[in-house]
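What follows is the residue order along each chain.
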Amino acid sequence: MPQRRTAIKDLRKSHTRHLQNLQIKTDLKKTVKKFSTAIADKKTDAAELLKEVYKKFDKAAKRKVMHKKTAARRKARFARELATQPTTK
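Here we summarise the structure given alongside this text. (Residues numbered from 1 in each chain as written. Predicted model: local features only at pLDDT ≥ 70, side-chain atom pairs only at ≥ 80, totals over all residues. Heavy atoms only, no water.)

Before going further, it helps to examine the overall build of the chain. Scanning the chain from N- to C-terminus turns up 3 helices and 0 strands. From first element to last, N terminus to C terminus, the chain shows the α and β order α-α-α. Taking 12 Å as the expected radius of gyration for a compact globule of 89 residues, we find that the chain reaches 18 Å, considerably beyond that expectation. When the backbone C-alpha atoms are referred to their principal axes, the chain occupies close to 65 × 20 × 15 Å. Counting only residues that meet the buried cut, the chain has 21% of its 89 residues in that class. By element, 52% of the accessible surface of the chain is carried by carbon and sulfur atoms, the whole surface being about 7,300 Å². (Helix = DSSP H or I, 4+ residues; strand = E, 2+ residues; numbered from the N terminus. Rg over C-alpha atoms; globule rule 2.2 N^0.38 Å. Buried < 20%, exposed > 50% of the residue type's maximum accessible area, 1.4 Å probe, protein only. Areas by Shrake-Rupley, 256 points an atom, 1.4 Å probe, with all protein chains shown as cover.)

Below, the structure written as structure tokens:
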């Protein structure tokens, strides 16, 4: 446990930031899972879910939870996954 006042404040800030980053990550994972199940079930709303996935990745990159190029790479992979799936109407 830190002894100095600034170290105690830093610990508190670190804990708060960790919780915020964790919330962003779990929200992103839930959205990606929802998109993946929509792709697997060949649902028509997968394109709308892709927009949500983009939004979550951009938010994570903006908040520096992940690197912006990592987010771009994963967005491209999900877009490719949607493009290769045959659409059902």
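There is more to say after this.
Taking 1.5 Å of rise per residue, the 36 residues of helix α1 (residues 5–40) would be expected to cover 52 Å, and the 52 Å separating its terminal C-alpha atoms lies within 8% of that figure. When we look at burial in α1, the residues that qualify are Ile24, Leu28, Thr31, Val32, Phe35, Ala38 and Ile39. Buried residues in α1 make contact with α2 (46–62) and α3 (68–84). (Expected span 1.5 Å × (residues − 1). Contact = heavy atoms within 4.5 Å.)

Judged by nonpolar contacts, the single largest core of 16 residues is most densely connected at Val32, Phe35, Val53, Phe57, Met66 and Phe78. Taken together, the elements giving at least two residues each to this core come down to α1, α2 and α3. It is α2 that provides the largest number of residues to this core, a total of 7 residues. In contact with Val53, not counting residues within four places along its chain, are Thr31, Val32, Phe35 and Phe78. (Core = buried A, V, L, I, M, F, W, Y, C linked by side-chain atoms within 4.5 Å.)

Right, let's get into the environment of Tyr54. Mapped onto the elements, Tyr54 comes out in helix α2. Exposure remark for Tyr54: the relative accessible area of 29% places this residue in the partly exposed category. Considering only alpha carbons, one finds Tyr54 and Val32, 22 residues apart in sequence, at a separation of 9.6 Å. Not counting residues within four places of it along the chain, the set of residues in contact with Tyr54 comprises Lys75 and Ala79.

The next thing to look at is a positive patch on the surface. A cluster of basic residues, Lys55, Lys59, Lys62 and Arg63, forms a positive patch at the surface. Take Arg63: its relative accessible area is 45%, and that puts it in the partly exposed class. (Patch = residues over 30% accessible without salt bridge, like charges linked within 9 Å, V, L, I, M, F, W, Y side chains within 5 Å. Salt bridge = Lys/Arg side-chain N within 4 Å of Asp/Glu carboxyl O. Lys, Arg positive; Asp, Glu negative; His and termini not counted. Charge placed at Lys NZ, Arg CZ, Asp CG, Glu CD.)

All right, on to the packing of aromatic side chains then. Inspection of every chain in the model, using the stated rule, returns 2 aromatic pairs. Taking the centre distance of 5.7 Å and the plane angle of 85° together, the rings of Phe35 and Phe78 count as edge-to-face. A residue pair is termed long-range when its members are at least 10 positions apart, and Phe35 in helix α1 and Phe78 in helix α3 qualify at 43 residues. One residue, Lys75, lies across the ring of Tyr54, its end atom 5.2 Å from the ring centre. (Phe/Tyr/Trp six-rings, centres within 6.5 Å; stacked < 30°, edge-to-face > 60°. Lys NZ or Arg CZ within 6 Å of the ring centre and 35° of its normal.)

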